[in-house]
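Here are the chains, one letter per residue:
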Amino acid sequence: MPVILRELADFCGARIEGGDASALIHSAADIMTAQSGQVTQLTNSRYAGHIKDSTASACFVAEGFVVENVPPGMALLVCADPEISFIKAVELLHPARIYRRQISPQAVLEDNVVLGSELYIGPYAVIGENALIGDGSEVLAGVYIGKNAKIGKNCRIHPYAVIYDDVEIGDNVIIHSGAVIGAEGFGYKFRNGAHVKVPQVGNVIIEDNVEIGANTCIDRGALGSTVIGMGSKIDNLVQIGHNNKVGKHVIMCGQTGVSGSCTIEDYAILAGSAGVADHVTIGRGAVVMARSGIAGDVKAGTQVFGSPAKDKKVAYKEQVAISKLPELLKKVKVLEERLSLLEKDV
Amino acid sequence: MPVILRELADFCGARIEGGDASALIHSAADIMTAQSGQVTQLTNSRYAGHIKDSTASACFVAEGFVVENVPPGMALLVCADPEISFIKAVELLHPARIYRRQISPQAVLEDNVVLGSELYIGPYAVIGENALIGDGSEVLAGVYIGKNAKIGKNCRIHPYAVIYDDVEIGDNVIIHSGAVIGAEGFGYKFRNGAHVKVPQVGNVIIEDNVEIGANTCIDRGALGSTVIGMGSKIDNLVQIGHNNKVGKHVIMCGQTGVSGSCTIEDYAILAGSAGVADHVTIGRGAVVMARSGIAGDVKAGTQVFGSPAKDKKVAYKEQVAISKLPELLKKVKVLEERLSLLEKDV
Amino acid sequence: MPVILRELADFCGARIEGGDASALIHSAADIMTAQSGQVTQLTNSRYAGHIKDSTASACFVAEGFVVENVPPGMALLVCADPEISFIKAVELLHPARIYRRQISPQAVLEDNVVLGSELYIGPYAVIGENALIGDGSEVLAGVYIGKNAKIGKNCRIHPYAVIYDDVEIGDNVIIHSGAVIGAEGFGYKFRNGAHVKVPQVGNVIIEDNVEIGANTCIDRGALGSTVIGMGSKIDNLVQIGHNNKVGKHVIMCGQTGVSGSCTIEDYAILAGSAGVADHVTIGRGAVVMARSGIAGDVKAGTQVFGSPAKDKKVAYKEQVAISKLPELLKKVKVLEERLSLLEKDV
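Now for a look at the structure at hand. This structure is a prediction, so every number in the text was calculated from the model and none was measured. (Residues numbered from 1 in each chain as written. Chains lettered and ligands numbered in written order. Predicted model: local features only at pLDDT ≥ 70, side-chain atom pairs only at ≥ 80, totals over all residues. Heavy atoms only, no water.)

**Considering the relation of the copies chain C and chain B**
Working step 1: Each copy superposes on the other: chain C lies on chain B with an RMSD of 0.1 Å after a rotation of 120° and an axial shift of 0.1 Å. Between the two chains, the operation in question is that of a three-fold axis. (Least-squares fit on C-alpha atoms with pLDDT ≥ 70 in both.)

As C-alpha cells, then:
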C-alpha cells in the first residue's frame, strides 16, 4: 500500500529532514538493500556506513542520532523511537492479510460449538463439541480444535495447528502451523518390565497476547494445567512438557526444551536450544544462554551459560582456562622435571 | 465421573483408614492443590509436609508408609502400590474420551482399504490404497495413512499424524498429532558437485504398545526397516533416522535425536535432547543423560554424560576439575615463580 | 519390479562376473541381509567379511576392488561407481510411487490459482488465491499452499506440509510432511514491559533441487527473503530463522538450528543438532560437527567442534587435556608439597 512520505511520517510520529516529503513510498527494507521508493531505519551505528551509498527515499533515526553523509535524495525521519516508528511504517506499507469473515462450507463444526461474531473459519477446519471461539478470531484451513476447547478474541491460528480437548486460549494469541497444544505429557511408571502410562487429564492454559511458533509442542498437565503467561513469546520447535508454569513476557527461542513441572518466572529469556530439567525454577528476568542445560534453579536476574549451566562469568572464565589447559599440561611436566633436578641438587 | 470413596478404594485395591468412606470424590489432584472432594497420593516423603494443611478427602499411601498430622477429614487409602492405585483412580474419575464408532462421511478411503470393526475414522482423514486398520482403532481428524500401511487394533492416532506408505503399526499404539512416521531418510552421495539422492525404499515397523509424541519424526529405512520395539515410549520432537533398531521398553525423551543405523537395546533410556551419531549401539538398560552426545557404543547398564559422552562418574569428576581450573592456572604460575627463585638460590 | 540380472547390469552400467546372468532379481538389500533374488553392493572393505556367507544373487563392486571368497552363486557387478550404479538398481527395482494425474474433487482451489499440466493435487489440499503450481508437481493430501505462493515443476509436497503466503519454490523440490515454510520469524522489540511484534513481511525462496525434511521450519524474512540455495538438503526438525541465506548444496542434518540473518555458504555441512547464533557466516565447505554451537564466523573449508565451537584439532586437544585434568590437579598438589619441602631445606 504506497503512501506519500509526508503522511507516513505523520502516521509514525516522525519529523522529516531533507529529502522529498512528497515522494511515494511503496515498501520498507533494511539499510543494506533499501532503494528509491523505500523507507528504512538506522538505529545502530554499526550500519551507519551503508547510508552514504543508499538510494532509499527515507530513513528513520532517533532524535540526536548523528548521521553523516546522508545522500541529498534521502529524507531523515527523526523520531523518539525509530524502531517502533519503523514497525508502524511496515504495518502501514505491508498490511497484514485480512481473511474474509466467513465460515467455510468445508469446515466441520461438531455439536454445541459456540462461535463469536466476525470470524473466519477456513476450509477443513474441525471444531470439536462444546468448543468456543471468540469474536474476530481467524481459524485457518485445517486447524483442529478439540472438545471443550476455548479460543479467545482476535486470535489467529495458522493451518494445521492442533488444539487438543479442554485447552483454553486467551485473546490476541497467534499460533503457527503445526503447533500442537495439549498433547499428553510424557509420564510412565515402570512395573513388571514395562512402562505403565500415567493418565494425562489436565489441560493447557494460554493467556492473552502469546505467540507460539511453528511445530512447537505444549503438553497438557498430568493433573492441573500447563500455563503460558500473558505476553510470552515462544519460537518454533520448542518443547514444553506437562505442568510447566511459564510466566508473563517470557521469551523462549527456537528448539528450547523444558521437561516438566518447572516454573519459568516473568521476563525470563531462554535462548536457542536451551534445555531445562524437571522441577526447576528459572527466576524472574534470568537469561539462559544458547544451548545451555539447566539442572538446578536459576536465580532471578542472573545469566547462565553451559551444560551444566553456571553463572555466565564463571562459565566464560572456565572456557578461557580450558583453552590454556593443553599448554598447562606441558608446563606442569616441565615444572616436575625442574623440581626433580633441584631435589637431586639439594 | 464422581465416585463414592468406598467404591473408589475397592476399585483401586486400597484399605480406608479414617476420613469419610461415604464421601463423594469427583476428581484427582496432586498433594499441593487437592481439596475437598478430591483424591491425591503421597509417595515421596519430600511432600509429606503438605498433608497437614490439605483439605483433600483422601490420599493413597503405601502400606507401612508413616504419615503424620493427617487432618481428621482425610481418609488414607492404604495399598501395596499407591502410584498404580492412583493411576487407576485417575482413570476412573477422568475417563478417557471415547469416540463414537463411525466412519466420518468426510473421510476419504481409497481403493481396497480393509477396515476392522468398531472403528472411529474422523473427518478429513485420508486412508490410502490397500491400507488396513484393525478393530477398535481410532483414526482422528485429518490423519493421513499411506498406501499399504497397516494399523493394528485399539490404536489411537491423533489429528494430522502422517503415516507414510508401507508403514506397519502394531496394537495399542498411540501416535500424537504431527508425528511423521516413514518419511524418507536423509541419504545422499556427493557426485559432480551435487548431492545425489539415495532412494529410501524401506519402511517403519512399530510394535505393540508404543507411544509416539507430537511432531516426532521416524524415517523409513533406506532398504529394510526402521523398527521401534514393543512398549517403547517416545516423547515429542524426537528425530529417529533411517534403519535404526530401537528395542523394547526403551524411553526416548523430548528432542532426542538418533542419526541412522543405530541399535538402541531394550530398556535403554535417552534423556532429553540426547543425540546419537550413526552406526552406534546403546546397550541394554544404558542411560544416556540429558543433552549428552554419543559418538561410540555405550555398554549395557552404564550411565553416560556429556558431549562427547563419558561414564557418568568420570564426566562428573571432570566437571568438578574444570571448576577448579582457573584457580589451578594461578597456582601453577605461583609454583613457577617459586621454583625460579629457588633455582637462582641453589 | 523384478528384472533379469543381465538387464539390470546393462541398465546400471556394470559388467557381470560369475553368478547367473539370467537370474531374476526382485529387490535390493544391504550386504548383511541380502538373499537369493536380491542385489547388493560392497564399497567398503569393512563389510567384505559378509560376502563369504551371503546368498545374494549379485553384488556391485568397483573396478579393481578385490573381493575374496565370493560364493559361486553370486554375480559380481563390476562398474566404475558402484554406489551410483546401486542407486540406479534400487530405483529400477523399487520404483517411486506415481500419483495419478488428477485434481482431487476434495481439494479447495481459491480464486485465480494457476495450475500447470500433469499435476496431482490430493484430497483436502488447499491452494490459496493467485498461487501457481508448475507442470508435473505432486501436491499430496492436505497440503496448504498460501496466497501468491509459487511452486515449480516436478515438485513433490507431502501431506500436511504448509507453505505460507508469498513463498517461492523452484523445480524438483521435495518437501516432507509437517514442514512449515514461511511462518513468521521471531522478532520483537521490548517496550513498556512487553514484547512488541516486529512485522514479518518478507518471504522464503527455495531454489531448485532442494529437499526439506519432515517438521522442519523455515521462517519468512522480516523484510526481504530467507533463501535456501539450489541443491541444498535439509533433514527433519531443522529450524531456519528469518533472513538466513543458505547457499547451494549445503547439508543440514536433523535438529540443526540457525537463528537469523546468517549466511551459510555453498557446500557447508552442519551435522546433527548443530546450532548457529544470528548474524554469523559459515564459510564455503566448512563443516560444523554434531552438537556444536557457533557464535562467530567459521572460515571456509575448516572443521569446527564444540560449544562454543573451535577448530576441530584444537577442540580435540582440549578434550584430551580435560580427561587428564583430574590427575593434573593431584600432580600440582604434590608439586606444591615437594616445593615447600625444598624451600624449607634451602
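Continuing now.
**Notes on the interface of chain C and chain B**
It is common to give the size of an interface as the accessible area that goes away when the parts come together.
Working step 1: With 56 residues of chain C at the contact, the number on the chain B side is 68 residues.
Working step 2: Between chain C and chain B the total buried area reaches about 5,000 Å² when both faces are included, carbon and sulfur atoms providing 65% of it.
Working step 3: One salt bridge in this structure joins Glu211(C) and Lys197(B), with 2.8 Å as the shortest N-O distance.
Working step 4: Joining chain C to chain B, the criterion identifies 25 residue pairs in polar contact (both at pLDDT 80 or more).
Working step 5: Those elements giving two or more residues to the side of chain C that touches chain B turn out to be helix H2 (82-93), strand S28 (233-234), strand S31 (251-252) and helix H3 (312-345) of chain C.
Working step 6: Per-element accounting of the side of chain C that touches chain B gives the leading share, 14 residues, to H3(C).
Working step 7: Looking at side-chain class alone, the side of chain C that touches chain B contains 32 nonpolar, 13 polar and eleven charged residues. (Contact = heavy atoms within 4.5 Å. Buried area = accessible area lost by both parts, 1.4 Å probe. Salt bridge = Lys/Arg side-chain N within 4 Å of Asp/Glu carboxyl O. Polar contact = N/O pair within 3.5 Å; in protein donor to acceptor, adjacent residues only side chain to side chain. Helix = DSSP H or I, 4+ residues; strand = E, 2+ residues; numbered from the N terminus. Nonpolar A, V, L, I, M, F, W, Y, C, P; charged D, E, K, R; others polar.)

**Topic: the interface of chain A and chain C**
Working step 1: On the chain C side, the residues contacting the 56 residues of chain A number 68 residues.
Working step 2: For the chain A and chain C pair, buried surface summed over both sides reaches about 5,000 Å², with 65% attributable to carbon and sulfur atoms.
Working step 3: Inspection of the region where chain A meets chain C yields six salt bridges.
Working step 4: Glu343(A) serves as the salt-bridge partner of Arg338(C), at 2.8 Å between the closest nitrogen and oxygen.
Working step 5: Here chain A and chain C share 25 residue pairs in polar contact (both at pLDDT 80 or more) between them.
Working step 6: Elements with a contribution of two residues or more to the side of chain A that touches chain C: helix H2 (82-93), strand S28 (233-234), strand S31 (251-252) and helix H3 (312-345) of chain A.

**Details of the sheet that holds strand S39 (residues 303-306) of chain C**
Residue and element names in this part refer to chain C.
Working step 1: Read from one edge to the other, the open sheet built from twelve strands follows the order S8-S11-S14-S17-S20-S25-S28-S31-S34-S37-S39-S40, with strand pairing classed as mixed. Looking at strand neighbours, the two that pair on one side only are strand S8 (102-103) and strand S40 (309-311), the edges of this open sheet.
Working step 2: Alignment of strand S20 (residues 174-175) against strand S25 (residues 211-212), held across two bridges, turns out to be parallel. Its bridge partner being in S25, Ile174 is matched across the sheet by Glu211. (Pairing = 2+ DSSP bridges.)

**Considering unusual backbone geometry**
Working step 1: In the segment running from Ser307(B) into Pro308(B), the intervening peptide bond is cis, with an omega of 0°.
Working step 2: Looking at the secondary structure, you find Pro308(B) in the loop between strand S39 (303-306) and strand S40 (309-311).
Working step 3: One non-glycine residue with positive phi stands out, namely Asp166(A), at about 75°.
Working step 4: With respect to the element layout, Asp166(A) can be found in the loop between strand S18 (162-163) and strand S19 (168-169).
Working step 5: Residue classification places Asp166(A) among the partly exposed positions, given a relative accessible area of 29%. (Buried < 20%, exposed > 50% of the residue type's maximum accessible area, 1.4 Å probe, protein only.)

**Let's talk about the side chain of Lys233(B)**
Working step 1: Topologically, Lys233(B) is positioned in strand S28 (residues 233-234).
Working step 2: Although buried, Lys233(B) forms no salt bridge, and the nearest oppositely charged side chain, Glu211(B), lies 5.1 Å from it.
Working step 3: Of note is the side chain of Lys233(B), whose polar atom sits 2.8 Å from the backbone oxygen of Asn209(B).
Working step 4: If sequence neighbours within four positions are ignored, Lys233(B) has contacts with Phe186(A), Tyr188(A), His195(A), Asn209(B), Glu211(B), Val250(B), Ile251(B) and Met252(B). (Lys, Arg positive; Asp, Glu negative; His and termini not counted.)

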